[in-house]
Amino acid sequence: MKICTIVAKNYVAHARVLARSFLAEHPDGSCAVLVVDDHEGFLDPAEEPFELIRLEDIDLPDAERMAASYDVTEFSTAVKPWLLRSLLAREGWDAVTYLDPDILVTDSLVRVEELALEHEIVLTPHFTSPLPRDERRPSEEDILIAGTYNLGFISLGAGEAASELLDWWSERLENDCVIDPGGGLFVDQRWIDLVPGIWPQVHVLRDPGFNIAYWNLPTRELEIDGDGYRVDGRPLRFFHFSGFDPARPTNLSKHQDRIEVEDDRALARICREYAELLLESGQREARGWPYGWDSLPNGLRLDVPARRVYREAVESGVATGSVFGERGAESFTSYLTEMPEGEGVSRYARSLWECRPDLRRAFPNLDGRDAAGFNRWLFQNAEAIDLPPQLRPEAGVQIGATGPRDPGQLGVNLAGYMSAELGVGEAARQVGKALAARNLPCPEIDVPVKEVDFAAALERLAPEDHPHEVNLICVNADMLPAVAGAMPPRFFQGRCTAGLWFWEVERFPERWHESFKYLDEVWTASEFVAEALRPASPVPVSTIRVPVTPVEPADADRESLSMPPGFCFLYVFDFRSVFRRKNPLGAIEAFRRAFEPGEGASLLIKSVGGEKWPQEAERLAAAAAEHDDVHLLDGVLPPAEKNAMIAACDCYLSLHRSEGLGLTMAEAMYFGKPVIATGYSGNLDFMTDESSYLVDYDLEEIGEGAEPYPPEARWAEPSVEHAAELMREVFEDREEAARKGERAAAAIRASHSPEAAGEILEERLVQLHRHRAFASSAASPAISRAPASVPDYVSPGSGRALLDHLLQFEQAPSRTGSGRVQRFFKRLYMRVLRPYAAHERRIDLSLRESIDELAFELAALQRRVAGVNELKSELGSVDEHLRGLDADVRGAYAVQAEELKKAQARIEVLEKALSRNGHEPSRRQSSVSS
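What counts, and at which threshold
Residues numbered from 1 in each chain as written. Predicted model: local features only at pLDDT ≥ 70, side-chain atom pairs only at ≥ 80, totals over all residues. Heavy atoms only, no water. Helix = DSSP H or I, 4+ residues; strand = E, 2+ residues; numbered from the N terminus. 1 Å grid on protein atoms, 1.4 Å probe; cavity = no way out; pocket = protein on both sides within 12 Å on 5 of 7 lines; lining within 4 Å. Points joined across faces, edges and corners; volume = space filled by probe spheres on them. Nonpolar A, V, L, I, M, F, W, Y, C, P; charged D, E, K, R; others polar. Pairing = 2+ DSSP bridges. Expected span 1.5 Å × (residues − 1). Buried < 20%, exposed > 50% of the residue type's maximum accessible area, 1.4 Å probe, protein only. Contact = heavy atoms within 4.5 Å. Polar contact = N/O pair within 3.5 Å; in protein donor to acceptor, adjacent residues only side chain to side chain. Axes fitted to C-alpha atoms, helices over the stretch in contact; angles between N-to-C directions. Right-handed = clockwise from strand over helix to strand, strands pointing away. Parallel < 35°, antiparallel > 145°, perpendicular 65-115°, else oblique. Core = buried A, V, L, I, M, F, W, Y, C linked by side-chain atoms within 4.5 Å.

### Some points on the environment of G598
Position of G598 relative to the elements: it lies in the loop between α22 (584–594) and β22 (601–608). Taking the C-alpha atoms as reference points, G598 and G566, separated by 32 residues in sequence, lie 9.6 Å from one another.

### Things to note about empty space enclosed by the protein
Taken as a whole and judged by the stated rule, the model has 4 cavities of 30 Å³ or more. What the second largest cavity holds in volume is close to 50 Å³. Taken together, D358, R361, A362, D685, F686, T688, A747, I748, S751 and H752 make up the full set of residues lining the second largest cavity. Mapped onto the lining of the second largest cavity, the elements with two or more residues apiece are α15 (357–362) and α27 (734–751). Looking at the lining of the second largest cavity residue by residue, the class counts come to 4 nonpolar, 3 polar and 3 charged.

### Examining the pairing of strand β11 (residues 222–225)
Two elements, β11 and strand β12 (residues 228–231), share 4 bridges in a ladder whose sense is antiparallel. When the sheet's bridge partners are listed, I224 is paired in β12 with Y229. Where β11 folds back onto β12 in an antiparallel hairpin, the turn is made up of 2 residues, including G226, whose phi is positive at roughly 65 degrees.

### A word on helix α10 (residues 265–280)
Taking 1.5 Å as the rise per residue, α10 with 16 residues should run 22 Å; its terminal C-alpha atoms sit 23 Å apart, in good agreement. Along α10, the positions that sit buried rather than exposed are A266, L267, R269, I270, C271, Y274, A275 and L278. Here the buried face of α10 lies against α1 (12–25), β5 (103–105), β11, β12, β14 (238–240) and α11 (283–286). Near the N-terminus of α10, the side chain that reaches the backbone nitrogen of A266, with its oxygen 3.1 Å away, is that of D264. The positive-phi residue at the C-terminal boundary of α10 is G282, with phi of around 90 degrees.

### Overview of the sheet that holds strand β24 (residues 651–654)
The strand order across the open sheet formed by 6 strands is β23-β22-β21-β24-β25-β26, and the pairing between neighbours is parallel. One side of each edge strand has no neighbouring strand; the edge strands of this open sheet are β23 (630–634) and β26 (693–695). Between one strand axis and the next, the sheet turns by 20 degrees as a mean value, whatever way the strands run. Note that β22 and β23 share 5 bridges and pair parallel. Across the sheet, the residue bridging to I605 is L632, located in β23.

### Points about the pairing of strand β18 (residues 496–501)
Burial analysis of β18 places 6 of its 6 residues in the buried class, which makes it a mostly covered element. Here β18 shows no split at all, with C496, A498 and L500 on one side and T497, G499 and W501 on the other all buried. Crossover connection from strand β17 (residues 470–474) via helix α19 (residues 480–486) to parallel β18: handedness right-handed. Summarising the sheet, β18 and strand β19 (residues 521–524) pair through 4 bridges and their orientation is parallel. Following the sheet pairing, L500 is matched in β19 by W523.

### Looking at the packing of helix α12 (residues 304–315) against helix α13 (residues 326–337)
For the pair α12 and α13, the least separation of the axes is 11 Å and the interaxial angle reads 100 degrees. Here α12 lies roughly perpendicular to α13, going by the angle between them. Across the interface between the two elements, A306, V309, Y310 and A313 from α12 touch F332, Y335 and L336 from α13. For the contact of α12 with α13, the class distribution of residues is 7 nonpolar, no polar and no charged.

### Re the side chain of T688
Position of T688 among the secondary structure elements: in the loop between β25 (675–678) and β26. With relative accessibility at 5%, the residue T688 sits in the buried group. Non-local contacts of T688, meaning those with residues more than four positions away in its chain, are made with P357, D358, R361 and L694.

### Let's talk about the sheet that holds strand β6 (residues 121–123)
Spatial strand order, β3-β2-β1-β4-β7-β6-β10: 7 strands in an open sheet with mixed pairing. Each of the sheet's edge strands pairs with one partner strand only, and the pair in question is β3 (51–53) and β10 (203–204). In terms of strand pairing, strand β1 (residues 2–7) meets strand β4 (residues 95–99) through 2 bridges, oriented parallel. Bridged to C4 within β4 is Y98. The strands touched by α1 are β1, β2 (30–35) and β4; relative to β1, the strand with the most contacts, the crossing angle is about 170 degrees.

### Here's the deal with the nonpolar core
Residues L472, L500, W523, F569, I676, M727 and L765 are the most contacted members of the largest nonpolar core, which totals 86 residues. The contacts of L472, once residues within four sequence positions are left out, are V412, N413, L414, A415, V431, A498, G499, L500 and W523. Counting residues in hydrophobic clusters, the runner-up holds 81 residues, among them L166, V202, L296 and W377.

Dropping the structure here:
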């Protein structure tokens, strides 16, 4: 019996345990181990319980190129067919079995050799019975991603079929042995899914005693049998400890959350035995040894983004020599740091951005407005993300900024609750900070909180109080008519008026639709709010960014802040913000399921406004009373003290049903706290799995009793079971939680800094100033929408809707708790589209900007036509001597109609351009094609 495995030298303890356990059952057997990196000074082949094989022994065509292209897992997997081919070519090796190094052999494998000699190819499926549909890992969807067969095992016999397989397999693994589930690849395993269809003699080994692991253990029964084990009544042949850490023997695998080791006596024993064997074989020492292909001679570390760039350079023919020589290393380093023509970031920076969903979310437009912010983020966070020194941008890199402008031409008349302690007021103040960061003037107009005070504060606004061409009213739709009605007409005349609106659920109430007529644009602080408003809005809806710059925390300890001892989970909410939406009861229930009293964890719910909502406050108190470690604190605190509580907690928790933005979550991230939050609504604009802990959910109808939200609309029902698991995870693995908090702080401080938000605002203002559609008409906002006589296809934003439809694949997938299948397929769909998106995105964005320009021009024409129509109606009652003027007006109307036709022709040209790029206009979202 002959087996083999592959390791980097820091995994040698696993190879030793595999070899010794195999030889204990097969004293006459042979075990060969390929060590893929340089082992000199670390391993003595004569002292090992296996035959040590080097890369040069297996006839690998270009080892250094493959080692640079792949990370250690990919490379160790990619060389598998070359190792198997070289061993089968040896005299006396009529069959060979590959076993992953993290396998423990517990009984004879002679049956495998017999099957290999008979069938030439032997495989084991991941499982032979359906997995439970219980929302735990691994799921059947996870196995679909990984592949049908587990390639921790394959057995081959010498023969024509095995030879053909190895030739076919090695050709594919030479360049395409990558971990890219979205691209349909998972190292070598997805390729093997095709093998039984190509070579029908393949034998699929279904005996439950072979290759038992976390993925099939839920459907099999492991039992102790004397000194050995049985599985479903049959001998356990080998156990695969994928993802096992000997330092945590009660955790079967980091890749699963379904099986509790301590609940199974047989499993607990074999895990304990394997952990002891690894430690006895030098695992503690070996795991710290460096990977030999990890860095270049100039010290540059080859991380995943750098390897991706290298692989692309090889595929395009740019990279031809080795990067592991001094000249090759310097040349490749220069290549990584170069900015290709027309790009605002280096090749390495773009690759890093593509590898990290949190960065793609924080800087979505790397081809435009976000390039400068991303460069600045890289410079500021180089140490935190362990960016190789050779790849760090220089201080002050601003490539990709909006460009030169005349400061006197841009400015905003900023109206809002500037002095009120309201969320909308804070948003207005933060927008002011963003504008100030770009040196953009923004005279402030303080809107009173009480409607009875509007007239006195707003009627007497002087022209010098609002000198700029753009108004921004930071007042929600419900109060906008009253605020606009109190302002003098000249505030709107000749200006573009935008409204910064917040809304928390997916449907916008019809009773507030009239508020659109006061605006030329709606701005939102999250894409979630924008998606809710666009179906109802007759004017463009744009997502900007509101900075997150919390007040400096007060210098106070936990005791003085009335915070409980122990590991403290914190949630902060306002009763005025709708008790059911904020869902503090869900937070308590999740905590109750996660922790027994006295375990060392506590939950503090800090609220405000409880005295005005006595029924809800009573329900909260009753729920808290059921657990000794749940604490309530209600009352108004100064912002510095509230922020001190956030900064002092160990983890921030929000099981909201919906949020327009989620400011307290963003503030917790700003202070470097791990955040557990519902994976739904506005917080997804700045939260990802890399920077936070997102809770699964179902979408449910809101129902009655949650005014002002429509009962028929939906919001999230977060899974308290999943939330409890995540709370437990944060509590037990505090190092990883701290790392997530650090990543969160770095991301939010960069993406939501005043400078980053200011760049986005400035870009929008530059566009508005460029078009100046608002300056071409003296009409009031009340007639800014298209009159009935103007065709639908020239309504504001219709062209933009077409491009929004084409670009909607850029948006992040929604998460639904019922929904691992839905999430999997949507993510897979998006990942499959990624290469196409990367190729087409610049063309799409260029067309999108052109259609934006047309939309503004059309809006200006509509205003003119509307003014002419109104003038025509007034002329009907004028004396005969004014009919000559009426004729002039008719002529003007004809001229405007001709301009409309020309604009329509331009839209049709753009549509044809879109079609040439593979896009079909959406008949649902745009009536252009109709």
